[in-house]
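# Observations on chain architecture
Each chain is listed here by its residues.
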Amino acid sequence: KDGDKNELLSMNNYSQIRNAGLIAGILNKSDAIIFLDDDELVQDRDFLKKIDQDLNKKVKKEKVRFITGMCPEGETGTYIRQRKYSPWMTYWDKIKFQNETLIKVIEGNPHLKVTPLTHGGLCIIHKDVFTQIPFDPKVQRGEDMDYNLNCRMFGYKCYMDNRLEIRHCPPPRVHQAWRGFREDMIRFFMQRNKIERQDKKLGTKTIIKASDFDPYPGNFLKDNLEDMIFKSQTTLAIEYLYKNDTISAQNTLENIKISRDLLSSNINYFEKYIEIVEGWRKLTKKLNSTEVKLRKI
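Read on for a plain summary of the structure. (Residues numbered from 1 in each chain as written. Predicted model: local features only at pLDDT ≥ 70, side-chain atom pairs only at ≥ 80, totals over all residues. Heavy atoms only, no water.)

## Some thoughts on the sheet that holds strand β8 (residues 159-165)
Read from one edge of the open sheet, five strands run β1-β7-β5-β8-β6, paired in mixed fashion. Sheet topology places β1 (32-36) and β6 (112-114) at the edges, where each strand pairs with a single neighbour. The sheet shows a mean angle of 25° between the axes of neighbouring strands, taken without regard to direction. The pairing of β6 with β8 spans three bridges and is antiparallel. Residue pairing across strands places Leu112 opposite Asp161, the latter belonging to β8. The strands that helix α2 (residues 14-27) touches are β1 and β7 (122-126); relative to β1, the one it contacts most, it runs at about 145°. (Pairing = 2+ DSSP bridges. Helix = DSSP H or I, 4+ residues; strand = E, 2+ residues; numbered from the N terminus. Axes fitted to C-alpha atoms, helices over the stretch in contact; angles between N-to-C directions. Contact = heavy atoms within 4.5 Å.)

## Considerations on the packing of α2 against helix α10 (residues 269-288)
One way to put it is that α2 packs onto α10 with a least axis distance of 9 Å and a crossing angle of 35°. Crossing handedness for the pair α2 and α10: right-handed. Here Asn19, Leu22, Ile23, Ile26 and Leu27 of α2 lie close against α10, whose contacting residues are Trp280, Leu283, Thr284, Leu287 and Asn288. Along the lines of polarity and charge, the residues of the contact of α2 with α10 split into seven nonpolar, three polar and no charged. (Left-handed = near helix turned anticlockwise from the far one by under 90°. Nonpolar A, V, L, I, M, F, W, Y, C, P; charged D, E, K, R; others polar.)

## Re the pairing of β1
Burial along β1 is one-sided: Ile33 and Phe35 are buried, and none of Ala32, Ile34 and Leu36, which face the opposite way, are. Relative to β7, β1 runs antiparallel, the two sharing five bridges. Its bridge partner lying in β7, Phe35 is registered against Cys123. (Buried < 20%, exposed > 50% of the residue type's maximum accessible area, 1.4 Å probe, protein only.)

## Here's the deal with unusual backbone geometry
In this structure, the amide linkage connecting Asn109 to the following residue, Pro110, adopts the cis form with an omega of 0°. Tracing the sequence through the fold places Pro110 in the loop between α4 (94-106) and β6. That bond from Tyr216 to Pro217 is cis: its omega, 10°, falls within 30 degrees of zero. In the Ramachandran plot, Lys61 falls in the positive-phi region, its phi being about 70° despite a non-glycine side chain. Summarising the element assignment, Lys61 is placed in the loop between β3 (58-59) and β4 (62-63). You can call Lys61 exposed: its relative accessible area is 82%. Phi angles above zero are rare outside glycine, and Asn244 is one such case at about 65°. Locating Asn244 in the fold gives a position in the loop between α8 (225-242) and α9 (246-264). Judged by its relative accessible area of 68%, Asn244 falls in the exposed class.

## Digging into a nonpolar patch on the surface
Taken together, the side chains of Ile34, Leu36, Val42 and Leu48 present a nonpolar region at the surface, about 330 Å² in accessible area. Take Ile34: it is sitting in strand β1. (Patch = residues over 30% accessible without salt bridge, like charges linked within 9 Å, V, L, I, M, F, W, Y side chains within 5 Å. Areas by Shrake-Rupley, 256 points an atom, 1.4 Å probe, with all protein chains shown as cover. Salt bridge = Lys/Arg side-chain N within 4 Å of Asp/Glu carboxyl O.)

## Thoughts on the environment of Gly180
Relative to the helices and strands, Gly180 resides in helix α7 (residues 177-197). Along the backbone, Gly180 and Lys63 are 117 residues apart, and their C-alpha atoms lie at a distance of 35 Å. The residues touching Gly180, leaving out its near neighbours within four places in the chain, are Arg141 and His175.

## A closer look at the nonpolar core
Burial of nonpolar side chains together is a common tendency in soluble globular proteins. Of all hydrophobic cores here, the largest spans 60 residues; its most connected members are Leu22, Trp92, Ile125 and Tyr147. A total of eight residues in this core trace back to one element, the largest contributor, which is α10. (Core = buried A, V, L, I, M, F, W, Y, C linked by side-chain atoms within 4.5 Å.)

## So, the side chain of Asp184
By the secondary structure assignment, Asp184 is in helix α7. With near-sequence residues (within four places) excluded, Asp184 lies in contact with Lys94 and Arg141.

## A short note on the side chain of Arg152
Inspection of the secondary structure puts Arg152 in helix α6 (residues 143-153). Buried and unpaired, Arg152 has no salt bridge, with Asp212 as the nearest side chain of opposite charge at 5.0 Å. Setting aside residues up to four positions removed in sequence, Arg152 forms contacts with Val114, Thr115, Pro116, Lys157, Thr206, Ile208, Asp212 and Phe213. (Lys, Arg positive; Asp, Glu negative; His and termini not counted.)

## Considerations on the pattern of salt bridges
Considering all chains together, one arrives at 23 salt bridges under this definition. Of the charged contacts, one joins Asp184 and Lys94 as a salt bridge, the two residues approaching to 2.7 Å between their closest N and O atoms. One end of the pair, Asp184, is in helix α7; the other, Lys94, is in helix α4, with 90 residues separating them in the sequence. In terms of burial, Asp184 and Lys94 fall into one category: buried. Lys194 is paired through a salt bridge with Asp136; the nearest N and O atoms lie 2.8 Å apart.

## Considerations on the packing of aromatic side chains
Per the stated rule, a full pass over the model turns up 11 aromatic pairs. Summarising the aromatic geometry, the rings of Phe97 and Phe220 are spaced 5.8 Å apart at their centres and angled 85° between planes, so their arrangement reads as edge-to-face. Linking Phe97 in helix α4 with Phe220 in the loop between α7 and α8, this pair joins segments that are 123 residues apart in sequence. Phe97 gets classed as buried once you look at its relative accessible area, which sits at 15%. (Phe/Tyr/Trp six-rings, centres within 6.5 Å; stacked < 30°, edge-to-face > 60°.)

See the structure below:
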């Protein structure tokens, strides 16, 4: 469908930009794609050598086809994420669950472990995967985690290599807490919907559960999601009101309304994503049949 192609080829959000990277790899007949963001430093001279070693490994007879690594913040930082604590996080402690996950998949041996958490800014995807599975263009935030979930449904696991590391040097965060929360909330609803609606008859290989992605993002994909939203956003709204920021308080309470609208919606995000996958595979088949070669810079 033309609408599906336009959605896949647009550049309006992170997922669509990642898909542009996948298409570049397809056109260039690449065996693998390495995603590195523009606010990162690679300091390891053996970085590419380690990636090559990973893609020639098998874990429990399964070929490694999707890899992520450590992304410490700052040139001397730690992979443990540190954020200023606010009371509303008591009910939405994303940083706590992220850190629990990072400790679990990074520390100790073996150096390659299956991970539910993927860093989009350090992500290696083999052609076996990226020619078959696109990023979901409907996901505007956390597209890396969503891709991990989608790949798992099609039988591909993401592995954390604790030898791979970049330095993440992001600019100061300036967006309001309610805005980032809204984007996360919508994505979690979509992912939970995919888990609940998945059907192997439509081509997926593995029936997944929210607990497969514990601690993060699994703890946000379960039945208590609505309760977490209500408690965290009422608390955050009170914090804004205490600062006389009534506009932010209104936007925060709007998050609760949006969550209820999402809950009452009959949209099947799993089926919609399967339609995207079908369109992607038709597109990649056409691209693979061309002789287009990307000009080297």
